[in-house]
Amino acid sequence: MKKNKKSDKKIYITFIVVMAVLYGAGYLAGRLVARGEKSGNLEAVLKVLKNSFASIMPPFYLVLAVVSLFVVCMLYLSCKKMYKTLQADSENNNLWDCLEDKLNQSLILSNVMSIMNIFFFGCVIWLVEFVSYGKNGGYEAVIVIADCIFFVVLLAVELLVPKGIVDIEKKLNPEKQGNVFDFKFNEVWLSCCDEAQKLMTYQAAYKAFMDTNITCIVLYILTFIGSLC
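Residues numbered from 1 in each chain as written. Predicted model: local features only at pLDDT ≥ 70, side-chain atom pairs only at ≥ 80, totals over all residues. Heavy atoms only, no water.

Visitor: Residues and numbers for the packing of aromatic side chains, please.
Guide: Both the distance between ring centres and the angle between the ring planes are used here to describe each pair of aromatic rings. Scanning all chains against the criterion turns up six aromatic pairs. Centroid distance Phe-119 to Phe-120: 5.1 Å. Interplanar angle 75°. Geometry classified as edge-to-face. Accessibility expressed as a relative area gives 49% for Phe-119, which makes it partly exposed. Residue class for Phe-120 comes out buried when judged on its relative accessible area of 16%. (Phe/Tyr/Trp six-rings, centres within 6.5 Å; stacked < 30°, edge-to-face > 60°. Buried < 20%, exposed > 50% of the residue type's maximum accessible area, 1.4 Å probe, protein only.)

Visitor: Any chance you could break down the side chain of Ser-68 for me, citing the residues and the numbers?
Guide: By secondary structure assignment, the location of Ser-68 is in helix 2 (residues 41–88). According to the relative accessible area criterion, Ser-68 is buried, its value standing at 3%. At 2.6 Å, the side chain of Ser-68 and the backbone oxygen of Leu-64 are in polar contact. In contact with Ser-68, not counting residues within four places along its chain, are Met-113 and Leu-154. (Helix = DSSP H or I, 4+ residues; strand = E, 2+ residues; numbered from the N terminus. Polar contact = N/O pair within 3.5 Å; in protein donor to acceptor, adjacent residues only side chain to side chain. Contact = heavy atoms within 4.5 Å.)

Visitor: Break down the side chain of Glu-100 for me, with residues and values.
Guide: For Glu-100, the location among the structural elements is in helix 3 (residues 93–130). One buried charged residue, Glu-100, forms no salt bridge at all, with the nearest opposite charge on Lys-176 at 8.4 Å. Contacts of Glu-100, omitting those with residues within four sequence positions, involve Glu-169, Leu-172 and Asn-173. (Lys, Arg positive; Asp, Glu negative; His and termini not counted. Salt bridge = Lys/Arg side-chain N within 4 Å of Asp/Glu carboxyl O.)

This is the structure in structure tokens:
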């Protein structure tokens, strides 16, 4: 009991200190922003940041799209090659486990790339609409057209790769059912899982829930700061 009390006391002290530091940092940041507005320096800094963002984001998205397309496709092709090898050596448990891990990695990476693709392309569209990026033709217009093309290509790949991954998984485990284009895919897939797999799914869902809470807080802070620009 004594150890638990000490542990609780330490937790409360740590919580209070962290909150005090955060509130202090927020107050200091607010004071600096207010002082910057009065002096006019804040507007100049925001203008530089906005111009830098406008010049960097479209080429950055293009590079990100090319790299994402290459990485996702290569990882998926590696899974297909490994599956063909496993067909010739079905008793190789190490290869089987390696393929399962790689399939999971491919699916996770595809989902992450999908989110990044939509987010960064949205930034490019914002620049086109509100900063007139690329509307005067030339190099900027070429970048915008290339961004649009790779956005569509990535969307197609991000739909087809998960389907290919699920198809391989269904071949490895014939009891699995479901089509990724079915709106009830998650329900059908989960119904084919055993108790251990369902438990892992529930644990992953809880972790995703906690991570989403943190992500939403970070995004709120970023959008709040962005609204000041």
